[in-house]
Amino acid sequence: MIEIRNISAQETITVRHPVLRKGKPIESCYFDGDELVNTQHFGLYQNDKLEGVISLFENNSLLFKEKHQSQIRGMAVLENNQGKGFGRQLVEHAEKTLKLQNIDLIWFNARENAVGFYQKTGYEIIGNSFDIPSVGIHYVMWKKLRS
Ligand SMILES: CC(C)(COP(=O)(O)OP(=O)(O)OC[C@H]1O[C@@H](n2cnc3c(N)ncnc32)[C@H](O)[C@@H]1OP(=O)(O)O)[C@@H](O)C(=O)NCCC(=O)NCCS
């Protein structure tokens, strides 16, 4: 059984660490703003076991003119369960939630190797690639939730 639940920042770490910060100190898995009241964390559970996470931060990018923006961070699915549609379900859940909260646009810094996944879920690249030290090459990607 698949279920998506609201989780705490702390609960995301068991997925963020092996997938996004493999071999790095646990402290590197915590993001600024993780504990803010307007930050939302969701977990995808399969048979009660956490398999994937996504976090939504209230954060505007100057690249966009929309007033109400949300930034996705910490998107990850445990390696054994990648490619089974869990990532897509998490993104769709995030979009549905943010629409109800009147968010106009979603953006994020996408790892180069995840760009194809986000394109499949309807996101576009804006601008050139850039390096995030010790994480790698990224692109800003975005999608409007309302016109
Ligand atoms: C990127 C990630 C979140 C995608 O989640 P997932 O559960 O593996 O993806 P899904 O199974 O939902 O894939 C949805 C679609 O995207 C495609 N896809 C998945 N990962 C892809 C990738 N890296 N590149 C290109 N296409 C990809 C799938 O084939 C699927 O296509 P389909 O609808 O035609 O079948 C996951 O693979 C992951 O955690 N990767 C490592 C960490 C990472 O890069 N996170 C993103 C940081 S910005």
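The structure contained in this document is the topic of the report that follows.

The rules behind the values
Residues numbered from 1 in each chain as written. Predicted model: local features only at pLDDT ≥ 70, side-chain atom pairs only at ≥ 80, totals over all residues. Heavy atoms only, no water. Core = buried A, V, L, I, M, F, W, Y, C linked by side-chain atoms within 4.5 Å. Buried < 20%, exposed > 50% of the residue type's maximum accessible area, 1.4 Å probe, protein only. Helix = DSSP H or I, 4+ residues; strand = E, 2+ residues; numbered from the N terminus. Contact = heavy atoms within 4.5 Å.

1. Regarding the nonpolar core
Consideration 1: Core analysis: the biggest nonpolar cluster contains 22 residues, and Ile 54, Ile 72, Phe 108, Tyr 118 and Tyr 123 have the highest contact counts within it.
Consideration 2: Those elements that provide at least two residues to this core are strand 2 (40-46), strand 3 (49-57), strand 4 (69-77), helix 2 (86-100), strand 5 (105-111) and helix 3 (115-120).
Consideration 3: The dominant element in this core, judged by the number of residues it contributes, is helix 2, at five residues.
Consideration 4: Those residues in contact with Tyr 118 that lie beyond four places of it in its chain are Met 75, Phe 108, Ala 110, Tyr 123 and Met 141.
Consideration 5: By size, the runner-up hydrophobic cluster in this structure holds eight residues, among which are Leu 20, Leu 50, Val 53 and Ala 76.

2. Comments concerning helix 1 (residues 9-20)
Consideration 1: All of the buried residues in helix 1 are Ala 9, Thr 12, Ile 13, Val 15, Arg 16 and Leu 20.
Consideration 2: At its buried positions, helix 1 is contacted by strand 1 (2-7), strand 2, strand 3, strand 4 and strand 5.

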